[in-house]
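The residues making up each chain are set out below.
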Amino acid sequence: MTHLPDRVVIIGASVASAMLIERSRELGFAGEFIVMDSDPNAPYDRPPLSKQFLLATGPVEPAEWWPEATPILNAKAIGLLTDKRTVLTDKLGEVVADAVVIATGAGSIRLPNEPAGVLSLRTAEDALALRNAVDAGAASAIIIGAGTIGAELASTLAQRGLAVTVVDFAPQPMQRFFSGHLGEEAKAWMHQAGVVTHFGVAVKSIQKTDAQWTVQVSGLDLHADLVISAVGARPNTGWLTYSDLDISNGVCCTADGKALLTTGEIANGIFAIGDVSARQAEDGTFRRFESWTQAQRHGAALAEYFAGFESMELEQAPYGWTEQFGRKVQVHGMLPPAGELVQVYAAEERNAALYRVGSAEEDAAWIGVNAPRQFSRASMGMSLLS
Amino acid sequence: MGELWVDGGRCQGHARCWALAPETFEIDEEGYAHVIPGRENSGDEPNVRKAIRNCPERAILERETDDAGEKAEEVSTS
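Quick summary incoming for the structure in this document. (Residues numbered from 1 in each chain as written. Chains lettered and ligands numbered in written order. Predicted model: local features only at pLDDT ≥ 70, side-chain atom pairs only at ≥ 80, totals over all residues. Heavy atoms only, no water.)

## A closer look at the interface of chain A and chain B
Contacts between the two partners involve 27 residues from chain A and, on the opposite side, 24 residues from chain B. Contact with chain B buries surface across chain A, with Glu64, Arg373 and Met380 of chain A losing the most and accounting together for 23% of the total. In this assembly, chain A and chain B are joined by seven salt bridges. Glu26 of chain A is paired through a salt bridge with Arg49 of chain B; the nearest N and O atoms lie 3.9 Å apart. If you look at where chain A meets chain B, you find nine residue pairs in polar contact (both at pLDDT 80 or more). Looking at the side of chain A that touches chain B, the elements that each hand over two or more residues are helix 1 (15–26), helix 6 (292–307), strand 23 (319–324), strand 24 (327–332) and helix 7 (372–379) of chain A. A per-element tally of the side of chain A that touches chain B places helix 7 of chain A first, with seven residues. Residue classes in the side of chain A that touches chain B are distributed as nine nonpolar, seven polar and 11 charged. (Contact = heavy atoms within 4.5 Å. Buried area = accessible area lost by both parts, 1.4 Å probe. Salt bridge = Lys/Arg side-chain N within 4 Å of Asp/Glu carboxyl O. Polar contact = N/O pair within 3.5 Å; in protein donor to acceptor, adjacent residues only side chain to side chain. Helix = DSSP H or I, 4+ residues; strand = E, 2+ residues; numbered from the N terminus. Nonpolar A, V, L, I, M, F, W, Y, C, P; charged D, E, K, R; others polar.)

## What about the pairing of strand 1 (residues 7–11) of chain A?
Residue and element names in this part refer to chain A. Counting buried residues along strand 1, four of its five residues qualify, which places the element largely inside the surrounding structure. Relative to strand 2 (residues 32–37), strand 1 runs parallel, the two sharing five bridges. Residue pairing across strands places Val8 opposite Phe33, the latter belonging to strand 2. One ladder, built from four bridges, connects strand 1 with strand 7 (residues 99–102); its direction is parallel. (Buried < 20%, exposed > 50% of the residue type's maximum accessible area, 1.4 Å probe, protein only. Pairing = 2+ DSSP bridges.)

## Observations concerning the environment of Val118 of chain A
Here Val118 of chain A shows up in the loop between strand 8 (106–108) and strand 9 (119–120). In this structure, Val118 of chain A is in contact with Arg110, Ile206, Trp213, Val227 and Ser229 of chain A, ignoring residues within four places of it in sequence.

## Overview of empty space enclosed by the protein
Under the criterion given, the structure shown has one cavity of 30 Å³ or more. Space inside the largest cavity adds up to approximately 100 Å³. (1 Å grid on protein atoms, 1.4 Å probe; cavity = no way out; pocket = protein on both sides within 12 Å on 5 of 7 lines; lining within 4 Å. Points joined across faces, edges and corners; volume = space filled by probe spheres on them.)

## Notes on the pairing of strand 13 (residues 203–209) of chain A
Regular strands place their side chains on alternate faces of the sheet. All names here are of chain A. Strand direction decides the pairing type here: strand 13 and strand 14 (residues 212–217), joined by six bridges, are antiparallel. Note on strand 14: the bridge partner recorded for Gln207 is Thr214. Counted along the chain from strand 13 to the antiparallel partner strand 14, the turn is two residues long, and its residue Asp210 has a positive phi close to 50°.

## Things to note about the packing of helix 1 of chain A against helix 6 of chain A
All names here are of chain A. Between helix 1 and helix 6, the shortest axis-to-axis distance is 7 Å and the interhelical angle comes to 35°. For the element pair helix 1 and helix 6, the recorded crossing hand is right-handed. Across from Val15, Ala16, Met19, Leu20, Arg23 and Ser24 in helix 1, the residues of helix 6 making contact are Trp292, Ala295, Gln296, Gly299, Ala300, Leu302, Ala303, Glu304 and Phe306. Its residues placed into classes, the contact of helix 1 with helix 6 shows 10 nonpolar, three polar and two charged. (Axes fitted to C-alpha atoms, helices over the stretch in contact; angles between N-to-C directions. Left-handed = near helix turned anticlockwise from the far one by under 90°.)

## Here we look at helix 3 (residues 124–135) of chain A
Residues and elements named next belong to chain A. If you check helix 3, its first and last C-alpha atoms are 16 Å apart, about what 12 residues at 1.5 Å a residue would give, namely 16 Å. Among all positions of helix 3, only Ala124, Ala127, Leu130, Arg131 and Val134 are buried. In an axial view of helix 3, the angular spread of the buried residues amounts to 125°, which keeps them on one side of the axis. Looking at the buried positions of helix 3, the neighbouring elements they touch are helix 2 (52–55), strand 9, helix 4 (148–159) and strand 16 (226–229). Immediately beyond the C-terminal end of helix 3, within one or two residues, lies Gly137, with a positive phi of roughly 110°. (Expected span 1.5 Å × (residues − 1). Arc of directions from axis to C-beta.)

## Things to note about the state of the cysteines
Residue and element names in this part refer to chain A. Inspection of the entire model under this criterion finds zero disulfides over all chains. No disulfide involves Cys252; its sulfur sits 7.4 Å from the nearest other cysteine sulfur, which is in Cys253. Overall, Cys252 belongs to the buried group, its relative accessible area being 1%. (Disulfide = S-S within 2.5 Å.)

See the structure below:
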């Protein structure tokens, strides 16, 4: 049976919502999509903001993947009446629809008592502010947080000639992305590029004196022209505070994206896709995947649900990537933190390696470094030969 | 449906297309993709549609067949 709405309102012009629209049209959906986003630069692609964009000149380019025929209204959602499927907005009044799709993504976590002037990277505006600061002659930067964004920024800023220092409370770079694996390798990539690292340290204070910043970490004062906070992201659910949706960890949803009320019941006609959406796993817990590919799958799966057929999109293993220090890093599957890491391929002349993590069975997880061919073969369950 | 080609300027070597539709896409050692010769018209097949949708760089394009020769050049230089 189909669940085709006539009028769908989407909050957030994201990669997830683009896929929802595109896949719906492909499946013959003839209804109306109303898309709003409060970011004046939307739609744009986020992955390049920490990389190519900082090395280039010119404005943020509109995303190639946005469906041209669907306009984006510049408005901010400020509330939701779930029982009436009505979105309250700052500029458009009340928008009523048959289906409401929440795709507001995630925003940077700011440090407690963070002083004004500390940079961050999530939006096009953030990236532009950072690039302007570098263009204006900043010679050094302290990056707080060595997740994928922090590590990518370290790589890009080092490439731009800045003296870069990375600090993190975690014992290694990209602790979460790698589930605790490859820590020494990722540190070595940083060190070879001249990046100074301090892991396992807490930030005690951040202060600006004259033109320089001082970041005090456990027993050490660090100085630089720029301080960038890259400690992670939290789902953008502030506007839903007074709704009756369960927003205890992003928008809590069923496995296929139907939003749940605080009572635990499904909120009829309300869905969440992308980074803002926490999906219920088989063990009952809610999980968020901050992943470009997962966001796409959420969008495609919802389109397929609307069209009334069983979607296989969410059955696929997670896929994530990062590019840094001349390396393209790809991860397939859920890396088991306690799983054994085995290197199964290496080509040192091009810094290439492939690692299997955990079981050798079909459901093994893989990490590829500059080895897309071997990585793809492995994650398809094929032999590495040829 | 037009003829499929991979824009070498956009392709970043994720190799998703090859994972989803190996009968149509092939990748080189660096992960850069191209359409297997003879498979340029497979754009209607479900696996290929899926590959096109899932390319993070939107590098798989379709074009009208009348300027095929010119674009084919572009692909081979990537």
